[in-house]
Amino acid sequence: MHIHILGICGTFMGGVAQLAREAGHRVTGCDAHVYPPMSDALRNAGIDIIEGYEADQLDSIHPDIFVIGNVVSRGNPLMEAILNKGLPYTSGPAWLSEHVLAGRHVLAVAGTHGKTTTTSTLTWILKEAGLEPGFLIGGVPQWGSCSAALGRHEPMAPFVIEADEYDTAFFDKRSKFVHYRPRTVILNNLEYDHADIFENLAAIEKQFHHLVRIIPSEGLVVANARAEALDRVLAKGCWSKLEKFDITEGWSLSEDRVVSFEGKEIGPMHLEMPGRYNALNAMAAMAAARHVGVDPSAALEALARFAGVKRRLEIKGSANGVTVIDDFAHHPTAIQETIGALRERIGSERLLAVLEPRSNTMKLGTMKNRLAGSLAGADLVFCYAGKGVDWDPADALRPLGEKAFTTHDLDQLIETVIAAARPGDKILCMSNGAFGGIHGKLLAKLAEKASA
């Protein structure tokens, strides 16, 4: 089969492309933003990419089906041509469900925060247990070079997938995860996000209920016991076995990180990643792995060897005694947890938080009143309000007083951070995008400062 993917350089659609290519299909695609690392990964996989969405692509390619990413909307020239010519098309999640996930034991990881890390953790546990899982992760794990692989393809072989609640496509407004039909699901947490498509938290809870009600009675729901929104979701109905974590009656974690299940101690958790939230996510992964036969003690042994995920407190380098760290955090809760986890690791050393409010929710200003509180654990705060931010970040960060600096100029931001940085500092850059290559620019400027 020849498939042509619109929006191929997105994390999810790029993963679908890699899986399709590994399965033996001919894969081509197009995107408006063709740049590394995804463009390199796709081309290395033998996938041809066209820059842009011009309709004249149809003169040179004649695929069996077009797979449409959710970045594509009406008015897109290529999409309009596909519709006008009556050509066959489907969504990425639908294609994945039919051609990759059918007949597999799907383990899905859903929630507002921690999906990528937990998906990677669960995949690692299954790999270390010799189960050869398939996987699709919304990021690149430190233990591998790709974000997706088919794994052992046989009936009921495990496939781990990051289960996003964002909508499927312009012609299918259901959340992506309802297409995956999981037998095991982790519900990490649930807060309001994606303000561009969800009116309120209740609308997201409805989509999570849609996910829960398609899990088989022999399936398993692993749910955070401390999330009120998840309690409301489960109160609407749960027809599968339910195991809760962060609760004494279910999966619990002591202050010194000893894991217990239903009151029976399993053993201590040794995890490279800092922060209690990472340990809780890892414990949820243990519970899900147990559902496919992995002994919890073996899971703990695997966790001790887990290296983490790129762009999650990833050290990018050091210069002039200053360490630059990258993290994907962009929601206030994730920002606060990330700062707290780093603080746990560095103690009283100075922490300089550098933030780009880039997600659609943050650009809309939906979470601006929570921003100052989420950044309070940093010693200094620098905020870059880029294109699309039409609210005043200086006003939002006013409660932080003189320790906060805001600007709409990236070069000015970098110069101000460099002027403030001193040996021993940790600079934490947080954004769900490339942040204008800020990590490399900071390291280069720090090196210049050292040699001056």
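Each remark here, short or long, concerns the structure printed above.
Report follows, based on the coordinates. (Residues numbered from 1 in each chain as written. Predicted model: local features only at pLDDT ≥ 70, side-chain atom pairs only at ≥ 80, totals over all residues. Heavy atoms only, no water.)

Observations concerning the overall build of the protein
Heads up, the condition is: In this text, helices come from DSSP runs of H or I with a minimum length of four residues, and strands from runs of E with a minimum of two, each type numbered from the N-terminal end. The size measure is the radius of gyration over C-alpha atoms, and the globule rule it meets is 2.2 Å times the number of residues to the 0.38 power. Throughout, exposure labels follow a simple rule: accessible area from a 1.4 Å probe, protein chains only, divided by the maximum for the residue type, with under 20% read as buried, over 50% as exposed, and the rest as partly exposed. Two residues form a contact once any of their heavy atoms are found within 4.5 Å. Working definition of accessibility: Shrake-Rupley area with a 1.4 Å probe, residue cover restricted to the visible protein chains. Note that His is not counted, nor are the chain ends; the positive residues are Lys and Arg, and the negative ones are Asp and Glu. Charge coordinates come from a single atom per side chain, which is NZ of Lys, CZ of Arg, CG of Asp or CD of Glu.
Looking only at helices and strands, one finds 15 helices and 23 strands in the protein. Its C-alpha atoms give the protein a radius of gyration of 22 Å, within 12% of the compact-globule value 22 Å for 452 residues. If one aligns the C-alpha atoms of the protein with their principal axes, the spans along those axes are about 60 × 60 × 40 Å. When burial is assessed residue by residue, the protein has 58% of its 452 residues classed as buried. Taking as baseline every contact in the protein between residues at least 6 positions apart, the subset at least 24 positions apart corresponds to 67%. As displayed, the protein has an accessible area near 18,500 Å², and 48% of this comes from carbon and sulfur atoms. Placing the 45 positive and 54 negative side-chain charges of the protein at their respective mean positions leaves the two points 1 Å apart.

Quick look at the sheet that holds strand β3 (residues 48-51)
Here is the rule we go by: Strands are treated as partners if at least two bridges between them are detected by DSSP. Every axis corresponds to a line fitted to the C-alpha atoms, with the helix fit spanning only the stretch in contact, and the corresponding angles, defined between N-to-C directions, vary from 0 to 180 degrees.
Across the sheet, which stays open at both edges, the 5 strands sit in the order β3-β2-β1-β4-β5 with parallel pairing between neighbours. Every interior strand has two partners, whereas the edge strands, β3 and β5 (89-91), have only one. When the angles between neighbouring strand axes are averaged without regard to direction, this sheet yields 25°. Sheet topology note: the strand β4 (residues 65-68)/β5 ladder contains 3 bridges and is parallel. Paired with Val-67 across the bridge in β5 is Thr-90.

Some details on the side chain of Thr-119
Here Thr-119 shows up in helix α5 (residues 115-128). In this structure Thr-119 touches Val-109, Leu-136, Ile-137, Val-160, Ile-161 and Glu-162, once residues within four positions along its chain are discounted.

Focus on the packing of aromatic side chains
Within a pair of aromatic rings, the relevant descriptors are the distance that separates the centres and the angle that separates the planes. Put simply, the test is: Stacked, tilted and edge-to-face are the three classes applied to pairs of Phe, Tyr and Trp rings, where Trp contributes its six-membered ring and a pair requires centres within 6.5 Å; stacked means planes under 30 degrees apart, edge-to-face means over 60, and tilted covers the rest.
Evaluated as defined, the whole model comprises 7 aromatic pairs. Ring centres of Trp-124 and Phe-306 lie 6.4 Å apart, and the angle between their planes is 50°; on these two criteria the pair is classed as tilted. Highlighted residues: Trp-124 in helix α5 and Phe-306 in the loop between α9 (296-303) and β18 (314-319), separated in sequence by 182 residues. When sorted by exposure, Trp-124 lands in the same class as Phe-306, which is buried. Between the aromatic rings of Tyr-384 and Phe-435, the centroid separation amounts to 6.1 Å while the plane-to-plane angle is 20°, which identifies the pairing as stacked. Within this pair, whereas Tyr-384 is found in strand β21 (residues 380-384), its partner Phe-435 is found in the loop between β23 (426-430) and α15 (438-451), the two being separated by 51 residues in sequence. Take Phe-435: its relative accessible area is 3%, and that puts it in the buried class.

Describing the pattern of salt bridges
Pairing is possible between side chains that carry opposite charge, provided their charged atoms lie close to one another. Rules: A carboxyl oxygen of Asp or Glu within 4 Å of a side-chain nitrogen of Lys or Arg is what we treat as a salt bridge.
The full count for this structure, using the stated rule, is 22 salt bridges. A salt bridge links Arg-74 to Glu-80; the shortest N-O distance between them is 2.7 Å. The partner of Lys-316 in a salt bridge is Glu-314, with the nearest N and O atoms 3.9 Å apart. Given a relative accessible area of 39%, Lys-316 falls into the partly exposed group.

Notes on the environment of Ala-302
For Ala-302, the location among the structural elements is in helix α9. Between the C-alpha atoms of Ala-302 and Met-269, which are 33 residues apart in sequence, the distance is 9.9 Å. If sequence neighbours within four positions are ignored, Ala-302 has contacts with Trp-124, Ile-125 and Glu-128.

Comments concerning the nonpolar core
Side chains of a nonpolar character, in soluble globular proteins, are inclined to be buried together. What counts is decided by this rule: Only buried residues count toward a nonpolar core. Its members are Ala, Val, Leu, Ile, Met, Phe, Trp, Tyr and Cys residues joined through side-chain atoms within 4.5 Å.
Formed by 79 residues in total, the largest nonpolar core has its most connected members in Leu-96, Leu-187 and Leu-375. Excluding its chain neighbours within four sequence positions, the residues that come into contact with Leu-187 are Ala-110, Phe-208, Leu-211, Val-212, Val-221, Val-222, Ala-223, Asn-224, Leu-230 and Phe-245. Met-269, Ala-288, Ala-289 and Phe-306 belong to the second-largest nonpolar core, a separate cluster that totals 39 residues.

Looking at the sheet that holds β18
Read from one edge to the other, the open sheet built from 6 strands follows the order β18-β19-β23-β20-β21-β22, with strand pairing classed as mixed. The open sheet has two edge strands with one neighbour each: β18 and β22 (404-407). Across this sheet, the average inter-strand angle for adjacent strands is 20°, counted without regard to direction. For strand β20 (residues 351-355) and β23, the ladder comprises 5 bridges, and the chain directions are parallel.

Quick notes on the packing of α5 against α9
Heads up, the condition is: Orientation categories follow fixed angle ranges, with anything under 35 degrees roughly parallel, anything over 145 roughly antiparallel, 65 to 115 roughly perpendicular, and all other angles oblique. The hand of a helix crossing depends on one turn: near helix anticlockwise from the far one by less than a right angle means left-handed, and clockwise means right-handed.
Packing of α5 against α9 brings their axes to within 9 Å, and their N-to-C directions diverge by 110°. As the angle between them shows, α5 and α9 are arranged roughly perpendicular. Like other packed secondary-structure pairs, α5 and α9 cross with a definite hand, here right-handed. In contact with Thr-121, Trp-124, Ile-125 and Glu-128 of α5, α9 contributes Ala-299, Ala-302 and Leu-303.

Re helix α14 (residues 410-420)
Convention followed: As used here, the arc is the angular range of directions from the helix axis to the C-beta atoms. N or O atoms closer than or at 3.5 Å make up a polar contact, with two conditions inside protein: a donor-capable atom paired with an acceptor-capable one, and, for residues adjacent in sequence, both atoms drawn from side chains.
Every buried residue of α14 is listed here: Leu-410, Leu-413, Ile-414, Val-417 and Ile-418. Buried residues of α14, viewed axially, fall in a sector of 130°; they line one side. Among the exposed residues of α14, those pointing more than 90 degrees away from its buried face are Asp-411 and Ala-419. The inward-facing, buried residues of α14 abut β20, β21, β22, β23 and α15. Capping of α14 at its N-terminal end is provided by Asp-409; its side-chain oxygen lies 2.9 Å from the backbone amide nitrogen of Asp-411.

Concerning unusual backbone geometry
In this structure, Arg-181 is a non-glycine residue whose phi angle is positive, near 50°. Relative to the elements of secondary structure, Arg-181 occurs in the loop between β11 (172-175) and β12 (184-187). Of note, Arg-257 is a non-glycine position whose phi angle comes to about 65°, a positive value. Relative to the elements of secondary structure, Arg-257 occurs in the loop between β15 (251-253) and β16 (258-261). Overall, Arg-257 belongs to the buried group, its relative accessible area being 16%.

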